[in-house]
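Next come the chains, spelled out residue by residue.
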Amino acid sequence: MPQQLKMEEKPCCAALSVQPSRGLVDEKFVVLVQNTVPSCPLTIHASHQCEDGHSWHAFAHYTSDASGAVNVSEDCSVGGTYSGVEAMGLLWSLKPVPGSKPGLRMRKKNVQAPMVITISVYKGHLTEGFGDQVPLAGTEVERWYMAPGVRRIAVTEDGLTATLFLPSGPGPFPGLLDLWGGGGQLVEYRAALLASHGIAAMALDYLTCKYTMETGKMVEQDYFEAAYTFLQKHPKVLSSRIAMLGLSLGTSVTLKTAVYSEVIKLRCAVCISGSHVQPLDGFLKETLGYFNENSGKTCFTEDNEAIWRNLLLPIPTDLSLKVDVGKLQCPLMLIVGEDDQNWCAYESAMDMKEMMERAGNSYLLTLLLYPNAGHLIEPPYTPHARSSLFRDVKSRQKLMALWGGQTLEHSRAQEDAWRKLLVFLRKNLYGGVKSTSPLSNL
């Protein structure tokens, strides 16, 4: 049993509340401390244990007001893992606890269970030793990627390795193919969150899918066309209202299929932190081969973190080495972190903009540029990983990759980009069709 603090040190009526205590991961909450001593230094602490067993925490220093209260949404943190008025700082500034192994990145694996965060308040301005102290008060918060009623369906038809998330309600809904990057695996959390916002989203594994694991061969364009056709034929999906969302290498696939596929006819596309530079002959194997040919341009920091942003620079003028976005016929949103150290996303976006202006289709382009944001632009309040361990799909070797970004600016970018991404998708996918799914129903 931990030793109890004396009554004068621990007011028996100290209270901490978080509203809502259960919500989607992209919803803001209000953290309120009440009934402490007026003008008292306090530390508000958040802790979370990931599914991989690693522990993360964030903390901020406040001083209670004349009534003994702190409102994190309104009051100023004077120190800790963030400072200033930051309503969601206790989430986006989460870091691995001291002594953790280097290179961690927080990613939700099981979207059918919530992230559980413990929020506590301590007397004084603490920076360490939270486990040795008795908090004045504490509570648990649940953060969900799947809203109530969202259905998760494993998809293995047509040789696919995918998971479809259907929104609650009768439908039919607009559809979206969700493609992640060069790390492979079936990553579900973004698709689950999009379904919680009324879009039938299918996360697709295309680098480590069953076909590739069994044959050793990379998938071709027809794999993505099969995924699109599966969505198109699904009774809960509006067949003419399908989008693609790609991050990193997923951007390469999204742009190539959007421009050149005879099967995939997108209502709109969103590309995050990627490039149009790739050989037009062939598909993934040739694209990754082209990257590998340029691997000599890889740089390393003093901490041995790999910087890959130079691999595709300078942007080629040879039109056989980049997707002709001047031929694009659907609205395109590009989301770019200007401190991306992994891909030359900024230079690529500038070239795409110029190509579309020359071709006369730049009216289709929405360009979001974020100074000091890095490569991994994720849903709001996802903790920023400036670098993390990355396993190369082909060699299976692990190395430390530098993604870039400054924590505060990157976190701001994630929040702004997600809000604008949802508006863009609703505008282009619904376009007069009334959604039967509430936008947030936790």
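Summary of the structure given here. (Residues numbered from 1 in each chain as written. Predicted model: local features only at pLDDT ≥ 70, side-chain atom pairs only at ≥ 80, totals over all residues. Heavy atoms only, no water.)

## Quick word on the sheet that holds strand β13 (residues 200-204)
Reasoning step 1: Taken in spatial order, the 8 strands line up as β10-β11-β13-β12-β14-β15-β18-β19 in an open sheet, and their pairing is mixed. Of all strands in the sheet, those with a lone pairing partner are β10 (151-155) and β19 (365-370), marking the two edges. Taken pair by pair, the neighbouring strands of this sheet meet at an average axis angle of 15°, ignoring direction.
Reasoning step 2: Bridge analysis of strand β14 (residues 237-247) against strand β15 (residues 268-272) gives 5 bridges, and the strand direction is parallel. Considered in β15, the bridge of Gly246 is made with Cys271.
Reasoning step 3: Strand contacts of helix α5 (residues 249-260): β12 (173-179), β14, β15 and β18 (332-337), with the helix running at about 140° to β14, the strand carrying the most contacts.
Reasoning step 4: The sheet contacts of helix α8 (residues 407-430) involve β12, β14, β15, β18 and β19, and relative to β15 the element is tilted by about 165°. (Pairing = 2+ DSSP bridges. Helix = DSSP H or I, 4+ residues; strand = E, 2+ residues; numbered from the N terminus. Axes fitted to C-alpha atoms, helices over the stretch in contact; angles between N-to-C directions. Contact = heavy atoms within 4.5 Å.)

## Examining the pairing of β15
Reasoning step 1: Of all the 5 residues making up β15, 5 are buried; the element is thus mostly covered by neighbouring parts of the structure.
Reasoning step 2: Alternating positions in β15 separate into two faces, Cys268, Val270 and Ile272 on one and Ala269 and Cys271 on the other, with burial throughout.
Reasoning step 3: The handedness of the β14 to β15 crossover, carried by α5, is right-handed.
Reasoning step 4: Looking at chain direction, β15 and β18 are connected through 4 bridges and run parallel. Counterpart to Ala269 in the pairing with β18 is Leu332. (Buried < 20%, exposed > 50% of the residue type's maximum accessible area, 1.4 Å probe, protein only. Right-handed = clockwise from strand over helix to strand, strands pointing away.)

## Quick look at the nonpolar core
Within soluble globular proteins, side chains that are nonpolar generally end up buried alongside one another.
Reasoning step 1: The biggest cluster of nonpolar side chains holds 68 residues, and the ones touching the most others in it are Met202, Tyr206, Phe224, Leu284 and Leu332.
Reasoning step 2: Element by element, the count of residues in this core is highest for helix α4 (residues 221-233), at 6 residues.
Reasoning step 3: With near-sequence residues (within four places) excluded, Leu284 lies in contact with Tyr206, Leu207, Met218, Val219, Phe224, Leu249 and Val253.
Reasoning step 4: Core analysis: the second largest hydrophobic core is formed by 40 residues, Leu24, Met146, Leu194 and Phe424 among them. (Core = buried A, V, L, I, M, F, W, Y, C linked by side-chain atoms within 4.5 Å.)

## Considerations on the packing of aromatic side chains
Reasoning step 1: Enumeration according to the criterion identifies 11 aromatic pairs in this entry.
Reasoning step 2: A ring pair is formed by Tyr223 and Phe224, whose centres lie 5.7 Å apart and whose planes are at 90°; its orientation type is edge-to-face.
Reasoning step 3: Given a relative accessible area of 7%, Tyr223 falls into the buried group.
Reasoning step 4: Between Phe224 and Phe283 the ring centres are 5.6 Å apart and the planes differ by 45°, which places this aromatic pair in the tilted class. With a gap of 59 residues between them, Phe224 in helix α4 and Phe283 in the loop between β15 and α6 (284-293) connect regions that are remote in the sequence. Side by side, Phe224 and Phe283 carry an identical accessibility label, which is buried. (Phe/Tyr/Trp six-rings, centres within 6.5 Å; stacked < 30°, edge-to-face > 60°.)

## Description of the pairing of strand β4 (residues 41-49)
Reasoning step 1: Bridge count between β4 and strand β5 (residues 55-63): 9 bridges; the pairing is antiparallel. The residue bridging Pro41 from the neighbouring strand is Thr63, located in β5.
Reasoning step 2: The hairpin formed by β4 and β5 contains 5 residues between the paired strands, and Gly53 there has a positive phi angle of roughly 90°.
Reasoning step 3: Sheet topology note: the β4/strand β8 (residues 115-123) ladder contains 6 bridges and is antiparallel. Its bridge partner being in β8, Ile44 is matched across the sheet by Val121.

## Quick word on the sheet that holds strand β6 (residues 70-71)
Reasoning step 1: Strand order in the open sheet made by the 3 strands is β1-β3-β6, with antiparallel pairing throughout. Of all the strands in the sheet, the pair left with one neighbour each is β1 (15-19) and β6.
Reasoning step 2: In this structure, β1 lies alongside strand β3 (residues 30-34), joined through 5 bridges in antiparallel fashion. Bridge pairing in β3 places Gln19 opposite Val30.

## Some points on the layout of surface pockets
Reasoning step 1: Of the pockets and cavities examined, the second largest pocket occupies roughly 300 Å³.
Reasoning step 2: Contributing to the lining of the second largest pocket are 18 residues, with Pro96, Leu104, His384, Ala385 and Ser387 lying nearest its centre.
Reasoning step 3: When the residues that make up the lining of the second largest pocket are grouped by side-chain class, the tally is 9 nonpolar, 5 polar and 4 charged. (1 Å grid on protein atoms, 1.4 Å probe; cavity = no way out; pocket = protein on both sides within 12 Å on 5 of 7 lines; lining within 4 Å. Points joined across faces, edges and corners; volume = space filled by probe spheres on them. Nonpolar A, V, L, I, M, F, W, Y, C, P; charged D, E, K, R; others polar.)

## Re a positive patch on the surface
Reasoning step 1: Residues Lys101, Arg391, Arg396 and Lys398 make up a contiguous surface patch of positive charge.
Reasoning step 2: By relative accessible area, which is 43% here, Lys101 ends up partly exposed. (Patch = residues over 30% accessible without salt bridge, like charges linked within 9 Å, V, L, I, M, F, W, Y side chains within 5 Å. Areas by Shrake-Rupley, 256 points an atom, 1.4 Å probe, with all protein chains shown as cover. Salt bridge = Lys/Arg side-chain N within 4 Å of Asp/Glu carboxyl O. Lys, Arg positive; Asp, Glu negative; His and termini not counted. Charge placed at Lys NZ, Arg CZ, Asp CG, Glu CD.)

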